[in-house]
Amino acid sequence: MAGLWEWLYRNRDPVSYGMAVAMILLALWPRPALQPAHVQPSMELMAMLEEPSPPKEKETPPKIPEPQPRPVLRPLPQPVEAPPAAQPVEALPPKPVVQEAPAPVVQRVVEPVRAPAPVPAPPKPVVQEQPKSAVVSAHYEQYVLAALEKAKRYPTSREARLTHPQGVVRVWLEINRDGQLTGVGVVDSSGSNLLDSEALHTVRSISFPAFPEQAYVGQSLHRFVVGLKYEINSDH
Amino acid sequence: MKIEPRRFSLSLLTFSLACAGLASPGWAASDTTDVGTVHIAGEGDSLGNGLMIEEDGAKAKSTVTKAAIDKSRPTANPFQLLNLQPGVNASSYDATGLFGGNLRVRGFNSDQMGFTINGAPVNDSGNFAVYPQEYTDSENLCELFVTQGSVDTDAPHVGASGGNVGLVSCGPKDERGGKFSQSLGELSFTKTFLRLDTGLIGKDSPYKAFVSYSKSKVDKFKGYGGADRDHVDAGMDWKLTRDTDLTANLLYNHAVNNNLFTVTKSQWLTNPDVEYSNVVPQHLASGNENTNASFGYNYTDHPAYYGYSLNPFENYLFTSRLQSRINDKLTLSAEPYYWYGYGTGGTEQSTLSESGSGSKLGNGISDINKNGNTTDTVGVYTGSVTETNRPGITFKANYDLENNKILAGYWFERARHHQTKPATTMDNNGNIADLWLKSNLITLNNGQTYEGRDYMTISTGQSAFLLDTITLANDRLQFMPGIRYTSIKRDFTNTASMGGGLGANYEADRTYRKLLPSLGATYKLSDPWQVYGNVTKNMRAPSNFVLSGWVSSVTYTNGVPSAFTLTPNNSIKEETSTNYEAGMRYSGQQVNGSFALYQVDFKNRIAQGFNPQTNTYTDYNVGDSRVMGFELQVGSKPVNGWSVFGSATYTDSKLLSDFPSLKGSTQTMLATTGKIFPDTPKWMFGASAQYSSGPYLAALSGKYVGKRYTTLMNDESIDGYTTFDFDAGYEFKSSRFLKKPTLRLNVTNLFDKKYLNANSGSGSNITVTTDTSYKGGGSPTYYVSAPRFTSVTFSTEF
């Protein structure tokens, strides 16, 4: 390896040109803002989560459409709609919540551009019958979902590239009020440990924000379950 | 929501919340609902036009995806598809890719690198040569990758001192249907492709399968003849249980090509179109046919007949994988494969002399032309035939702990490699009795088949490997220590034949083994940045040819060898390389890039040289060398329809030893120390820019390859060149019967650049010097660049 230094010195011109070109290309590349690629609590989101408790109805709507550069973080209108039906009856959101919740996510992935359209409509109905806590919690859940959307990736290991595993992993994750991930595990395996551990890895790579005060009131930590479906695009 | 730049899509399918206000966190109580699947919309999502993915391993690696493959001409071979990647110096003998080509990475030739298709090794089991035109149809190819510096620890290679290349074929599709594609182009180029998919069948243990057939033909761009290829791919996926999968793939290839004439530099300057002749050599009524006017030939004014310079080849490859997830930690797999290959090549036009002498093997060659005597020298068709039967299997166990993944495995194969050189006859109209050299073979007077060589090598390859991936520091740091114990045993049996050094029966065996450690690490810096590095040791066993040609001074009595001398070539050992690599990657939202800096210490390089211990000129460990350099690649995601890819390669290669040779009969050393590797340019650049809008797509790509030396003494070189290719496509609206009907235009060598490519088929067969007073001296030969070539392809799924 000693030869490397000597070599680097002798070839300092091409090497430094190469590195310079690399740096310039990467640095000057027109990328939208200099935000980190990974999921971290953004200002907008934090704002959204903090949801200053003031007057319930009118204040909420403006918050929702707020975030601009990252569609990811836009609060998702529909899930909020769902709870009202169920909420009054039981403390825990039963099926309806679940059924509705993911829909917008998918929509967004497919048609990111359309996202803004639905935004204005929902706010009102949302808040009407909704206990504040459920709204704030729902926002937090949307954050978790959005963060996963962002951190997701198909594994790139040699094994993964050679075998192209597919399947759905259902993962649980437990977050405390400070936003620390206190636990994560597999509920249902995809049938591939490679995908299962990639899913866990994805969850662990996310920095979650602290719970807003009104979310999950009375809970020191909260558990979420999420499904991650890995597939090969067979369109190709 | 950002869309991932891969063919793979991952959707957050369901998200459910189990509020656990009172009871214990009750995720089990929650329901989830499948709300559908997110598919990535193909082409537009590709990173760097499909020429890269987000890599994150400890090794420099480049990947070409389906999106890029789909834009290329359907006959493109893997070398062409990899050409824009950093580190890769690839050339194709023609524009279509049907004639094959050559590949070098970091100074290592393709026969010094490991090639796999779906994990099974496809290098020749004797000399590790690679024939890219035989492999998977590009329509069925999902991905190609190259690790520039070293082979993967679990890869089944014993002949790779350089990196490895993998081809991964697309499995069957979930939906029933198929694909049809028809290409037409200049030089009577056609390719017809048809694929049928069963779609998923069954519920509890669903399976799916596909089969495809293609026929391709093209004329040579100069001279006479062409390439003719029939190809079948088939695949099956069977999900036995949620945790157990069985997949199988079959590839069959049948090709007959006329060779392209290679030229020396001076020939090219005087007549760049020099080619094989179209004049059928004529048998003479009696006497000697070994004249230039007849079956004898020379490369300058009497080239051989094109119809007698053929490369017929047939091969199939079966690969399979049974993988089972035993529990949440352990996954076991078994991956059996079987390779069969049969073919001949080179210029088969030759002459043989009949004889009736008992002092020759088998009492000499019998009356070939059936004129009643054994005194003629007759024009014959003879070529080196290789038949390989190569079964093998890899077992793997993956053990996943939270921060520790262990991969342990064992690879075993037994390749039976039968190499012969029979001969057959031709008539005066150019008809060959059997161009495959299987029947109507010329015999000796004792009835046995004439052979110019006849030996069987059983190569038993084994490798045991262990790779640990340790994750530390909140997933930021990964360590990957690995070790691989690789061995190959060659059991060689020579049956007396008429070839030089092969005139008596003998057996020999050799075992080459090596413990090959590796250590890799990756570290995630602040978010889009990652650094990585690795040190990996590789080895390449000598080819089986080193066990041939040991016989001298044979005396035959009544056609049987009665006395001879055997001179074993004992001194040759495996070549090894140690690859040091450090790099940096950037994975931004719009752009990805990577930079790799490396050094390869290459020891005991095997090449033809003068071995003073045996006093022979054979494959021999000629010395050490060193390669250093860097590779850069950058790719963007589409912005307003535009996306780009670029690569830069700087290679500083150096021989560190003088070369043992002979000047006349005097042993001498040629001063190669400090010389540059042959066919290894200092600079290479690859770039591709693509615009796609709605149904339209257009892509322009260019490649610059710098000046290359073609002798070890660096006393001959060929100029650098830049070529451009243009690809365009239009996707029609899908109808009820036709899905994604697409019209594609492919133009290769857009500006009709004329240049030469080195004909250094093997890492060991490099011309030493142009000074012919030295053994191994001579004029290197070259493949002439293919002119501009245009083809159109209509394809549709249904």
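Residues numbered from 1 in each chain as written. Chains lettered and ligands numbered in written order. Predicted model: local features only at pLDDT ≥ 70, side-chain atom pairs only at ≥ 80, totals over all residues. Heavy atoms only, no water.

### A few points about the overall build of chain B
Right, on to step 1. Counting its regular elements, chain B contains 3 helices and 44 strands.
Right, on to step 2. A globule of 798 residues ought to have a C-alpha radius of gyration of about 28 Å, and chain B, at 28 Å, matches this closely.
Right, on to step 3. Along the longest, intermediate and shortest principal axes, the C-alpha atoms of chain B span 105 × 55 × 50 Å.
Right, on to step 4. When each of the 798 residues of chain B is scored for burial, the buried share is 61%.
Right, on to step 5. With the model as given, the accessible surface of chain B reaches about 28600 Å², and the carbon-plus-sulfur share is 54%. (Helix = DSSP H or I, 4+ residues; strand = E, 2+ residues; numbered from the N terminus. Rg over C-alpha atoms; globule rule 2.2 N^0.38 Å. Buried < 20%, exposed > 50% of the residue type's maximum accessible area, 1.4 Å probe, protein only. Areas by Shrake-Rupley, 256 points an atom, 1.4 Å probe, with all protein chains shown as cover.)

### Re the overall build of chain A
Right, on to step 1. When you go through chain A residue by residue, the secondary structure sums to 12 helices and 3 strands.
Right, on to step 2. Burial analysis of chain A (236 residues in total) assigns 56% to the buried set.
Right, on to step 3. The long-range share in chain A, meaning contacts at least 24 apart out of those at least 6 apart in sequence, stands at 75%.
Right, on to step 4. Of the roughly 10100 Å² of accessible surface on chain A, 59% is carried by carbon and sulfur atoms. (Contact = heavy atoms within 4.5 Å.)

### What to know about the environment of B:Gly171
Right, on to step 1. With respect to the helices and strands, the residue B:Gly171 is situated in the loop between strand S10 (164-169) and strand S11 (177-185).
Right, on to step 2. As a C-alpha pair, B:Gly171 and B:Val591 span 420 residues in sequence and 30 Å in three-dimensional space.

### What about the sheet that holds strand S2 (residues 62-65) of chain B?
The pairing of strands in a sheet happens through backbone hydrogen bonds and is either parallel or antiparallel.
Residues and elements named next belong to chain B.
Right, on to step 1. Pairing in this open sheet of 5 strands is mixed, and the strands run S2-S8-S10-S6-S7 from one edge to the other. Only two strands of the sheet have a single neighbouring strand rather than two, namely S2 and strand S7 (120-121).
Right, on to step 2. Relative to S10, strand S8 (residues 141-147) runs antiparallel, the two being bridged by 6 bridges. Pairing of valine 146 across the sheet is with valine 165, part of S10. (Pairing = 2+ DSSP bridges.)

### A look at the sheet that holds strand S16 (residues 263-264) of chain B
Residues and elements named next belong to chain B.
Right, on to step 1. Taken in spatial order, the 3 strands of this open sheet run S16-S43-S42, and their pairing is antiparallel. Single-partner strands in this sheet number two, and they are S16 and strand S42 (756-758).
Right, on to step 2. Sheet topology note: the S42/strand S43 (residues 781-784) ladder contains 3 bridges and is antiparallel. Its bridge partner being in S43, asparagine 757 is matched across the sheet by tyrosine 783.

### So, the pattern of salt bridges
All names here are of chain B.
Right, on to step 1. Using the criterion set out here, one finds 33 salt bridges over all chains in the structure.
Right, on to step 2. Of the charged contacts in the structure, one is a salt bridge between lysine 217 and aspartate 228, with a shortest N-O distance of 4.0 Å. A residue pair is termed long-range when its members are at least 10 positions apart, and lysine 217 in strand S13 (residues 207-219) and aspartate 228 in strand S14 (residues 226-241) qualify at 11 residues.
Right, on to step 3. Aspartate 228 sits in the partly exposed class, given a relative accessible area of 23%.
Right, on to step 4. A salt bridge links glutamate 574 to lysine 514; the nearest nitrogen and oxygen atoms lie 3.3 Å apart. Linking glutamate 574 in the loop between strand S29 (560-566) and strand S30 (575-587) with lysine 514 in strand S26 (residues 506-524), this pair joins segments that are 60 residues apart in sequence. (Salt bridge = Lys/Arg side-chain N within 4 Å of Asp/Glu carboxyl O.)

### Re unusual backbone geometry
Residues and elements named next belong to chain B.
Right, on to step 1. The phi torsion at asparagine 49 lies on the positive side, around 60 degrees, for a residue other than glycine.
Right, on to step 2. Mapped onto the secondary structure, asparagine 49 falls in the loop between strand S1 (8-17) and S2.
Right, on to step 3. Asparagine 49 sits in the buried class, given a relative accessible area of 2%.
Right, on to step 4. At lysine 370, a position not held by glycine, the phi torsion is positive, near 50 degrees.
Right, on to step 5. When you line up the elements, lysine 370 lands in the loop between strand S19 (349-353) and strand S20 (377-382).
Right, on to step 6. Judged by its relative accessible area of 68%, lysine 370 falls in the exposed class.

### Observations concerning the state of the cysteines
Residue and element names in this part refer to chain B.
Right, on to step 1. Considering all chains together, one arrives at 1 disulfide over all chains under this definition.
Right, on to step 2. Paired by a disulfide, cysteine 142 and cysteine 170 hold their sulfur atoms 2.1 Å apart. Across the S-S bond linking cysteine 142 and cysteine 170, the dihedral sits near 110 degrees, which makes this disulfide right-handed. Here cysteine 142, found in strand S8, pairs with cysteine 170, found in the loop between S10 and S11; they are 28 residues apart in sequence, far enough to count as distant. (Disulfide = S-S within 2.5 Å.)

### As for the packing of aromatic side chains
Residue and element names in this part refer to chain A.
Right, on to step 1. With the rule as written, the count across this model stands at 32 aromatic pairs over all chains.
Right, on to step 2. Their ring planes at 80 degrees and their centres at 4.9 Å tell us that tyrosine 140 and phenylalanine 211 sit as a pair that is edge-to-face. Of this pair, tyrosine 140 sits in helix H10 (residues 132-151) while phenylalanine 211 is found in the loop between helix H12 (193-204) and strand S3 (221-232), placing the two residues 71 residues apart along the sequence. Per residue, the accessibility class of tyrosine 140 equals that of phenylalanine 211, and both read buried. (Phe/Tyr/Trp six-rings, centres within 6.5 Å; stacked < 30°, edge-to-face > 60°.)

### Focus on H12(A)
Residue and element names in this part refer to chain A.
Right, on to step 1. Here H12 contains 12 residues, and its C-alpha end-to-end distance of 16 Å stays within 8% of the 16 Å for a straight helix at 1.5 Å per residue.
Right, on to step 2. Where burial is concerned, most of H12 is hidden: 10 out of the 12 residues are buried.
Right, on to step 3. Those residues of H12 that fall on the buried side of the exposure criterion are Asn193, Leu194, Leu195, Asp196, Ser197, Glu198, Ala199, Leu200, Thr202 and Val203. (Expected span 1.5 Å × (residues − 1).)

### Side note on the pairing of S26(B)
Residue and element names in this part refer to chain B.
Right, on to step 1. As paired elements, strand S25 (residues 477-494) and S26 share 18 bridges and run antiparallel to each other. Residue pairing across strands places isoleucine 488 opposite tyrosine 512, the latter belonging to S26.
Right, on to step 2. Relative to strand S27 (residues 529-540), S26 is paired through 7 bridges, and the arrangement is antiparallel. When the sheet's bridge partners are listed, serine 518 is paired in S27 with threonine 536.
Right, on to step 3. Joining the antiparallel neighbours S26 and S27 is a turn of 4 residues.

### Describing the confidence of the model for chain A
Residues and elements named next belong to chain A.
Right, on to step 1. Here chain A averages 62 in pLDDT, while 50% of its residues score no lower than 70.
Right, on to step 2. Averaged pLDDT values over the elements of chain A bottom out at 35 in helix H8 (residues 103-110) and peak at 87 in strand S2 (residues 181-188).
Right, on to step 3. Predicted confidence is poor over residues 31-42, with pLDDT under 50, and the contacts of this stretch with residues over four places away or in other chains come to 33 contacts.
Right, on to step 4. pLDDT under 50 marks residues 51-129. Its contacts with residues more than four places away, or in other chains, come to 108 contacts. (pLDDT = per-residue confidence, 0-100.)

### Points about a nonpolar patch on the surface
All names here are of chain B.
Right, on to step 1. The grouping of Leu194, Leu196, Val211, Phe732, Phe737, Leu738, Leu743, Phe794 and Phe798 at the surface amounts to a nonpolar patch, some 760 Å² of accessible area in total.
Right, on to step 2. Turning to its location among the elements, leucine 196 is positioned in strand S12 (residues 189-197).
Right, on to step 3. On the basis of relative accessibility, which here comes to 42%, the residue leucine 196 falls in the partly exposed class. (Patch = residues over 30% accessible without salt bridge, like charges linked within 9 Å, V, L, I, M, F, W, Y side chains within 5 Å.)

### Some remarks on the pairing of strand S6 (residues 114-117) of chain B
Every regular strand shows the same layout, with side chains that alternate between the two sheet faces.
All names here are of chain B.
Right, on to step 1. Alternating residues of S6 divide into Gly114 and Thr116 and Phe115 and Ile117, and every residue in both groups is buried.
Right, on to step 2. Pairing geometry for S6 and S10, over 4 bridges, is parallel. Counted as the bridge partner of glycine 114 is asparagine 164 from S10.
Right, on to step 3. Strand direction decides the pairing type here: S6 and S7, joined by 2 bridges, are antiparallel. Within the sheet, the bridge partner assigned to threonine 116 lies in S7 and is proline 121.
Right, on to step 4. Joining the antiparallel neighbours S6 and S7 is a turn of 2 residues, in which asparagine 118 adopts a positive phi near 50 degrees.

### Topic: the side chain of B:Ser661
All names here are of chain B.
Right, on to step 1. Along the polypeptide, serine 661 turns up in strand S34 (residues 659-663).
Right, on to step 2. Among the polar contacts listed, one links the side chain of serine 661 to the backbone oxygen of lysine 775, at a separation of 3.1 Å.
Right, on to step 3. Ignoring any residue separated from it by four or fewer positions in sequence, one finds serine 661 in contact with Phe610, Thr666, Gln667, Thr668, Leu670, Tyr774 and Lys775. (Polar contact = N/O pair within 3.5 Å; in protein donor to acceptor, adjacent residues only side chain to side chain.)

### Some remarks on the nonpolar core
Proteins that are soluble and globular tend to have nonpolar side chains buried together.
Right, on to step 1. Residues B:Leu103, B:Met113, B:Phe115, B:Leu144 and B:Val165 are the most contacted members of the largest nonpolar core, which totals 67 residues.
Right, on to step 2. The dominant element in this core, judged by the number of residues it contributes, is strand S31 (residues 591-611) of chain B, at 5 residues.
Right, on to step 3. Setting aside anything within four residues of it in sequence, one finds B:Leu103 in contact with B:Phe79, B:Val88, B:Asn89, B:Ala90, B:Phe108, B:Asn109, B:Ser110, B:Met113, B:Phe115 and B:Val165.
Right, on to step 4. By size, the runner-up hydrophobic cluster in this structure holds 28 residues, among which are A:Tyr140, A:Tyr143, A:Ala147 and A:Phe208. (Core = buried A, V, L, I, M, F, W, Y, C linked by side-chain atoms within 4.5 Å.)

### What to know about the environment of B:Glu55
Residue and element names in this part refer to chain B.
Right, on to step 1. Looking at the secondary structure, you find glutamate 55 in the loop between S1 and S2.
Right, on to step 2. Between the C-alpha atoms of glutamate 55 and alanine 508, which are 453 residues apart in sequence, the distance is 45 Å.
Right, on to step 3. Among all residues touching glutamate 55, those that are not within four sequence positions of it are Lys61, Ser62, Thr63, Gln530 and Arg585.
Right, on to step 4. Polar contacts involving the side chain of glutamate 55 include one to the side chain of lysine 61, which spans 3.5 Å.

### Details of the confidence of the model for chain B
Right, on to step 1. In the predicted model, chain B carries a mean pLDDT of 88, and the fraction of residues at 70 or more is 93%.
Right, on to step 2. Considering only residues more than four positions removed or in separate chains, one finds that residues 1-44 of chain B, a stretch of pLDDT under 50, has 150 contacts.

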